Amino acid sequence: MTRFNDYKVLITGSARGIGFAIAERFAASGATVLIMDISAEAVQTAVKKLTDSGFIAFGYSGNVTDSAAMEELFAKIIRDHGKLDCLINNAGITRDNLLLRMKEEEWSAVLDINLKGSFICTQKAFKVMMKQRFGSIINIASVIGIMGNAGQANYAASKGGLIAFTKSCAKEFASRNVRVNAVAPGFIVTEMTATLPEAVTAEYAKVIPLSRMGSPDDVARLCVFLASDDSSYITGQTIAVDGGLTMH
Ligand SMILES: NC(=O)c1ccc[n+]([C@@H]2O[C@H](COP(=O)([O-])OP(=O)(O)OC[C@H]3O[C@@H](n4cnc5c(N)ncnc54)[C@H](O)[C@@H]3O)[C@@H](O)[C@H]2O)c1
C-alpha cells in the first residue's frame with residue numbers, strides 16, 4: 001500500500017462525496033490533506049472528521065471560479081505548508097436539462113465550475129509545481145465526458161473539455177516533471193445516488209460489465225496511485241473507474 005511521506009495534497013470540493021473519500025484515503029496513506037470547499041462550515045466539519053481519526057488535515061474555503069480568491073488561497077497554502085505536491089480538481093456540479101430547454105445559466109454554471117474552475121486552480125498550482133519541479137494534477141472528469149448523455153449536454157461538454165484540457169496540460173507541464181491525468185468515474189454511490197430506487201440502480205447495473213455501482217473509495221484509490229511514484233511514467237491519460245462501462 002502506498003505510504004506518503006511529507007506529501008501535501010489539495011482537493012477541491014472535498015467537504016463531502018467523492019472529494020471527501022479521496023481526502024480520507026490520502027490521509028490514511030500518510031499525506032497532509034488540504035480540504036477545500038465553498039462552505040466554510042462544511043470544510044470545518046470535514047477537517048474535524050479527519051483530525052478526530054488521527055489524520056493530518058487542514059481546511060480552506062473558497063470558490064474555484066473566483067480567480068483572485070484562488071490566487072490568495074494558493075499563496076496561503078504555500079505560506080502554511082511550504083509546498084504543494086498534488087492538486088485534485090474535484091469540485092463539480094450538474095444542472096441537467098434537455099438541450100431545447102436548457103437555460104444559458106445552466107450551461108454557464110456547469111462550464112464555469114467544472115471547467116473554468118479547474119483551469120484557474122491548475123494555473124495557480126502549476127506556478128508552484130514548476131518551481132518545485134514536481135507535481136501531480138488529477139482532474140475528476142466523468143464517463144459522461146466520454147460517451148455523452150441525454151439531458152446532460154452542459155455536463156458532458158464540461159467533462160469532455162476537462163479531458164482535452166488534461167492532455168494539453170500534460171504536454172505543457174511534462175518538461176517540469178509535473179504529470180496531469182484525468183479520472184472518469186462511472187456510476188458511483190454517493191449521498192445523491194443512494195436515494196435512487198433499487199429498480200433504477202438494478203437497471204444501471206445491467207449495462208455495467210462488473211454488474212454493480214462503484215464506491216467513492218474506488219475513485220480515491222486510483223487518485224492515490226496517480227499521485228504516487230507508482231505512476232511516475234503515466235501522464236495525459238484518462239482512466240475510467242466504471243466497472244467496464246466504457247472501453248476504448
Ligand atoms: N457521483 C458520481 O456518480 C460521479 C460520477 C462521475 C463524476 N463525478 C464527479 O466527481 C466530482 C465529485 O462529485 P460528487 O458526486 O462527490 O458531488 P458532490 O455534490 O457530493 O460534491 C461536490 C463538492 O464540490 C463542492 N463545490 C461545488 N461548487 C464549488 C465551487 N464553485 N468551489 C468549491 N467547491 C465547490 C460542493 O460544495 C461539494 O462539496 C464532481 O466533479 C463530479 O462531476 C461524480
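Trainee: Before we go on, may I ask you to explain the overall build of the chain in this structure?
Mentor: The number of helices and strands found in the chain is nine helices and seven strands. The C-alpha atoms of the chain give a radius of gyration of 17 Å, which matches the 18 Å a tight globule of 248 residues would have. Along the first, second and third principal axes, the C-alpha set of the chain runs to 50 × 40 × 35 Å. Put simply, 72% of the contacts in the chain that link residues at least 6 apart link residues at least 24 apart. Of the accessible surface of the chain, which amounts to about 12100 Å², a share of 54% is contributed by carbon and sulfur atoms. Counting 25 positive and 24 negative side-chain charges, the chain places the averaged centre of each group 5 Å from the other.

Trainee: Looking at this model, I keep getting lost on the packing of aromatic side chains. Mind explaining?
Mentor: The tally for this structure, following the rule as stated, stands at four aromatic pairs. A ring pair is formed by phenylalanine 4 and phenylalanine 26, whose centres lie 5.3 Å apart and whose planes are at 10°; its orientation type is stacked. Of the two residues, phenylalanine 4 is situated in the segment before β1 (8–12) and phenylalanine 26 in helix α1 (residues 17–28); the sequence distance between them amounts to 22 residues. Each of the two residues, phenylalanine 4 as well as phenylalanine 26, counts as buried. Sitting over the ring of phenylalanine 20, lysine 49 keeps its end group 5.0 Å from the ring centre.

Trainee: What is the right way to read the pairing of strand β3 (residues 57–61) from this model?
Mentor: In the case of a regular strand, side chains alternate between the two sheet surfaces. When strand β2 (residues 32–37) meets β3, the two strands line up parallel, connected through five bridges. Residue pairing in the sheet places leucine 34 in a bridge with phenylalanine 58 of β3.

Trainee: Honestly, the site of the ligand in this entry has me stumped. Any pointers?
Mentor: Taken together, 23 residues sit near the ligand, with Arg16, Ile18, Asp37, Asn90 and Tyr155 positioned nearest. The side chain of asparagine 63 places a nitrogen or oxygen atom 2.8 Å from a nitrogen atom of the ligand. The fraction of the free accessible surface of the ligand (830 Å²) that becomes covered by protein chains is 88%. Mapped by element, the contributors of at least two residues to the shell around the ligand are α1 and α6 (153–173).

Trainee: When you look at the side chain of threonine 32 in this model, what are you seeing that I'm missing?
Mentor: For threonine 32, the position within the fold is in strand β2. The class of threonine 32 is buried, set by a relative accessible area of 7%. Here threonine 32 is in contact with Tyr7, Lys8, Val9, Ile56, Phe58 and His81, once residues within four sequence places are set aside.

Trainee: Can you help me understand the packing of helix α4 (residues 104–132) against α6 in this one?
Mentor: Between α4 and α6, the shortest axis-to-axis distance is 8 Å and the interhelical angle comes to 15°. With respect to each other, α4 and α6 are oriented roughly parallel. Considering only the axes of α4 and α6, their crossing is right-handed. Taking contact as the criterion, the partners of Glu106, Trp107, Val110, Leu111, Asn114, Leu115, Ser118, Phe119, Thr122 and Phe126 in α4 are, on α6, Ala153, Asn154, Tyr155, Ala157, Ser158, Lys159, Gly161, Leu162, Phe165, Cys169 and Phe173.

Trainee: Help me understand the side chain of serine 158, please; the structure alone is not making it clear to me.
Mentor: Mapped onto the secondary structure, serine 158 falls in helix α6. The class of serine 158 is buried, set by a relative accessible area of 0%. Setting aside chain neighbours within four positions, we find serine 158 in contact with Val110, Leu111, Asn114 and Leu115.

Trainee: How do you make sense of the sheet that holds β2 when you look at a structure like this?
Mentor: Sheet strands pair by backbone hydrogen bonding; their relative direction is either parallel or antiparallel. Taking strand neighbours across the sheet as the criterion, the seven strands line up as β3-β2-β1-β4-β5-β6-β7 in an open arrangement whose pairing is parallel. Lying at the two open borders of the sheet, with one neighbouring strand each, are β3 and β7 (238–241). Each strand of the sheet is rotated relative to its neighbour by a mean of 20°, with strand direction disregarded. One ladder, built from five bridges, connects β1 with β2; its direction is parallel. When the bridges of β2 are listed, leucine 10 appears paired with leucine 34. Contacting β4 (86–89), β5 (135–140), β6 (178–185) and β7, helix α9 (residues 216–227) crosses the sheet at an angle of about 165° to β6.

Trainee: I'm lost on the pattern of salt bridges in this one. Help?
Mentor: Pairs can form between side chains of opposite charge once their charged atoms are near each other. One pass over the structure, following the stated rule, counts 11 salt bridges. One salt bridge connects lysine 83 with aspartate 6, and the closest N-O pair in it is separated by 3.7 Å. Of the two residues, lysine 83 is situated in the loop between α3 (67–81) and β4 and aspartate 6 in the segment before β1; the sequence distance between them amounts to 77 residues. Note on aspartate 6: relative accessible area 47%, which makes it partly exposed. Its salt-bridge partner being aspartate 52, residue lysine 48 comes within 2.7 Å of it at the nearest N-O pair. In this pair, lysine 48 and aspartate 52 are both assigned in helix α2 (residues 40–52), four residues apart and thus about one turn of the helix distant. A relative accessible area of 56% places aspartate 52 in the exposed class. It is possible to trace a salt-bridge network through shared partners that takes in Arg25, Arg212, Asp217, Asp218 and Arg221.

About the cut-offs
- Residues numbered from 1 in each chain as written.
- Predicted model: local features only at pLDDT ≥ 70, side-chain atom pairs only at ≥ 80, totals over all residues.
- Heavy atoms only, no water.
- Helix = DSSP H or I, 4+ residues; strand = E, 2+ residues; numbered from the N terminus.
- Rg over C-alpha atoms; globule rule 2.2 N^0.38 Å.
- Contact = heavy atoms within 4.5 Å.
- Areas by Shrake-Rupley, 256 points an atom, 1.4 Å probe, with all protein chains shown as cover.
- Lys, Arg positive; Asp, Glu negative; His and termini not counted.
- Charge placed at Lys NZ, Arg CZ, Asp CG, Glu CD.
- Phe/Tyr/Trp six-rings, centres within 6.5 Å; stacked < 30°, edge-to-face > 60°.
- Buried < 20%, exposed > 50% of the residue type's maximum accessible area, 1.4 Å probe, protein only.
- Lys NZ or Arg CZ within 6 Å of the ring centre and 35° of its normal.
- Pairing = 2+ DSSP bridges.
- Near = heavy atom within 4 Å.
- Polar contact = N/O pair within 3.5 Å; in protein donor to acceptor, adjacent residues only side chain to side chain.
- Axes fitted to C-alpha atoms, helices over the stretch in contact; angles between N-to-C directions.
- Parallel < 35°, antiparallel > 145°, perpendicular 65-115°, else oblique.
- Left-handed = near helix turned anticlockwise from the far one by under 90°.
- Salt bridge = Lys/Arg side-chain N within 4 Å of Asp/Glu carboxyl O.

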